[in-house]
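A structural walkthrough
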Amino acid sequence: MTLIDRTRTVLTQAIAVYRGSEHDRRLTAVRDRLDEPLRVAVAGRVKAGKSTLLNALVGERLAPTDAGECTRVVTWYQDGHSYQVLAVPKQGEPRQLRFTRDDGVIDIDLGGLSSAEVAQLVVTWPARALRTVTLIDTPGIGSLTEQNAQHTWGLLVPDDEETPADAVVYLLRHLHANDIEFLRAFHDTEVSRPSPVNAIGVLSRADEIGVGRIDSMASARRIATRLGTDANVRRLVQSVVPVAGLLAETAVTLTEVEVGQLRRVADLPVRQAEELLLSADRFAQTMPELGLTSIEREALLARFGVFGVRLASTLLRREVAGTATELSRELADRSGLNNLREIIESLFFERRDVLKSRSALLALAEITRSCARPGSAAVAAGVEEIMASAHPFNELRVLSSLRAGWISGKPDVVAELEQLIGGSGSSTSQRLRLPPDAADTELAATAEQALARWQRRAENPMTSYEMTVAARVAVRSCEGMLAVLGRSR
Ligand SMILES: Nc1nc2c(ncn2[C@@H]2O[C@H](COP(=O)(O)OP(=O)(O)OP(=O)(O)O)[C@@H](O)[C@H]2O)c(=O)[nH]1
Ligand SMILES: [Mg+2]
């Protein structure tokens, strides 16, 4: 039986046990959630660029950025057949809200409610990107009002309810003490503690790191790599990737008009263009012969940032990109968006079932702990049994131990172990460090070798206890891959 099926079975058993109680509805919701898209929250400090990045991931400018009441409300973006916005007030019934769309940006009318009165907004929007994931935009932590911070905190680290998000993309600008504290609390749960299994770090607003210089992304990549190997960070997130969110958002919503405006900059002699783009102020105010009004220039800066204008005009000048489509693709790539998408794919989507089961089992464990009923002990035992025996959870546990630095060994052995149990992605080729198009025979031969190697390590009396436990898990991972490869042949 698959992990999801086992989880569903124990949930069904729980629903029978708690029928007629206050937990009835909640358990049904937890079970339904197993089949719904993965829920990924975008979190981080105030103005870290969360909403902008969310828009880049969706491919539309849905989430409000900058000022406005709505940035202070937890907002869900989910797929659906029609466009609607629902407010869930803290008191009273949920109600539909009116919204308008201007230049692609949606503007929600809270209909007389203040942001403090709204528990959450649910935006239903037919968008391809939302078919596999429901994104949750959160108000910034450490924000203007203490109340806000508590709100987000409550969403991600609830005291009495299941965590609404299955995974989190955590935006870091510079590593801040609050960031660490926040991430710790989010991970302080049963399956693994602390656990980097469901969090990815994004070094956000990466273009600003090199003060908008054309090589800003390279600097950002170096910093992200360093952060990603920092022991404190590794305990909390799986990896840290740099993303220039604003450029990413603009790339995926680029218009022909904007490309036409950028061409004017691209057509300037290089030296003149460089001088014009020395600062945002210069770009906004000098060189009237450019043929762009100050409003147009301000608009370009707001959409691209200085870095983006520099990069995009250079790409056009060098004919790396000729059309809007080409430019959009090039900018999405260079902003780090494609890289982030790949990482979300391999660390979240390919592990969807494990993350879903994990959320459900944590919720169920909480209910059985807080409310005993005839039959609930058997449910609790069932949950325990799945958490202890299901191989994906064992992998997650080893992964967290590795990340916490509890398993020591030669660096290359530790690195191989981490990869083998799915630390960099759970596809067979990623685990075996082979290219994605490797043939099954090659995959199988490599898996056989890894199996033999890890069996020896597991049986070697000189291996430390922690490494022995981890080696046994690695052996099971190899056997699992071989079983799947055998079936497909
Ligand atoms: N240069 C640059 N500016 C960015 C980037 N991402 C966001 N911004 C700008 O930063 C400001 C805040 O962006 P948001 O996306 O609203 O940030 P947020 O984290 O959602 O903010 P709150 O919800 O208010 O906490 C906006 O003016 C964005 O245009 C980026 O990658 N580069
Ligand atoms: Mg926001």
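Above: the structure in question.
Here we summarise the structure given alongside this text.

Thresholds, definitions, all that
- Residues numbered from 1 in each chain as written.
- Chains lettered and ligands numbered in written order.
- Predicted model: local features only at pLDDT ≥ 70, side-chain atom pairs only at ≥ 80, totals over all residues.
- Helix = DSSP H or I, 4+ residues; strand = E, 2+ residues; numbered from the N terminus.
- Buried ≥ 20, exposed ≤ 12 C-beta atoms within 10 Å, placed from the backbone.
- Contact = placed C-beta atoms within 7 Å.
- Core = buried A, V, L, I, M, F, W, Y, C linked by C-beta atoms within 7 Å.
- Axes fitted to C-alpha atoms, helices over the stretch in contact; angles between N-to-C directions.
- Left-handed = near helix turned anticlockwise from the far one by under 90°.
- Nonpolar A, V, L, I, M, F, W, Y, C, P; charged D, E, K, R; others polar.
- Near = placed C-beta within 6 Å.
- Pairing = 2+ DSSP bridges.

**Considerations on the overall build of the protein chain**
Counting secondary structure elements, the protein chain contains 21 helices and 10 strands. Residues counted as buried form 42% of the 489 residues belonging to the protein chain. For the protein chain, contacts bridging at least 24 residues in sequence account for 73% of all contacts bridging at least 6.

**Examining the nonpolar core**
Membership of the largest hydrophobic core comes to 122 residues, with the highest contact counts inside it found for Val40, Val202, Ala248, Leu364 and Ala474. With residues up to four places along the chain from it excluded, the contact list for Val202 reads Leu53, Val169, Tyr170, Leu171, Leu172, Val241, Val243 and Leu340.

**Topic: the packing of helix H8 (residues 245-252) against helix H12 (residues 294-317)**
Where H8 meets H12, the closest approach of the two axes is 8 Å, and the angle between their N-to-C directions is 115 degrees. H12 is crossed by H8, and the crossing has left-handed handedness. Residues Leu246, Leu247 and Thr250 of H8 lie in contact with H12, whose contacting residues are Arg303, Phe304, Gly305, Phe307 and Gly308. For the contact of H8 with H12, the per-class residue count stands at 4 nonpolar, 3 polar and 1 charged.

**A closer look at the site of ligand 1**
Taken together, the neighbourhood of ligand 1 is formed by 19 residues, with Gly49, Thr52, Thr65, Gly140 and Leu246 sitting nearest. Those elements that place two or more of their residues in the shell around ligand 1 are helix H3 (50-58) and H8. For the shell around ligand 1, the element with the most residues is H3, which contributes 3 residues.

**As for the sheet that holds strand S4 (residues 95-102)**
The strand order across the open sheet formed by 10 strands is S5-S4-S3-S6-S2-S7-S1-S8-S9-S10, and the pairing between neighbours is mixed. At either end of the open sheet lies a strand with only one pairing partner, and these are strand S5 (105-109) and strand S10 (240-242). Shown here is a sheet whose adjacent strand axes are inclined to one another by a mean of 25 degrees, direction ignored. Where strand S3 (residues 84-89) lies against S4, 3 bridges are found, and the strand directions are antiparallel.

**Examining the pairing of strand S8 (residues 167-172)**
One face of the sheet, then the other: side chains in a regular strand alternate in exactly this way. For S8, a buried count of 6 out of 6 residues is recorded, marking the element as mostly surrounded by other parts of the structure. Neither face of S8 is left uncovered, since the one carrying Ala167, Val169 and Leu171 and the one carrying Val168, Tyr170 and Leu172 both have all their residues buried. As paired strands, strand S1 (residues 38-44) and S8 are joined by 5 bridges and run parallel to one another. Each bridged residue has a counterpart across the sheet, and for Gly44 the counterpart in S8 is Leu171. As paired strands, S8 and strand S9 (residues 199-203) are joined by 5 bridges and run parallel to one another. Within S9, the position partnered with Tyr170 by the bridge is Gly201.

**Side note on the environment of Asp207**
Topologically, Asp207 is positioned in the loop between S9 and helix H6 (216-229). Separated by 11 residues in sequence, Asp207 and Ala218 have C-alpha atoms that sit 9.6 Å apart.

**What about the pairing of S5?**
In the sheet, S4 pairs with S5 via 5 bridges, with the strands oriented antiparallel. Each residue of the ladder has a partner; that of Arg98, found in S5, is Asp109. Counting the residues between successive antiparallel strands, the hairpin from S4 to S5 contains 2 residues, one of them, Asp103, with a positive phi of roughly 60 degrees.

It is worth stressing that arrangement in space is one thing and function is another; only the former is reported here.
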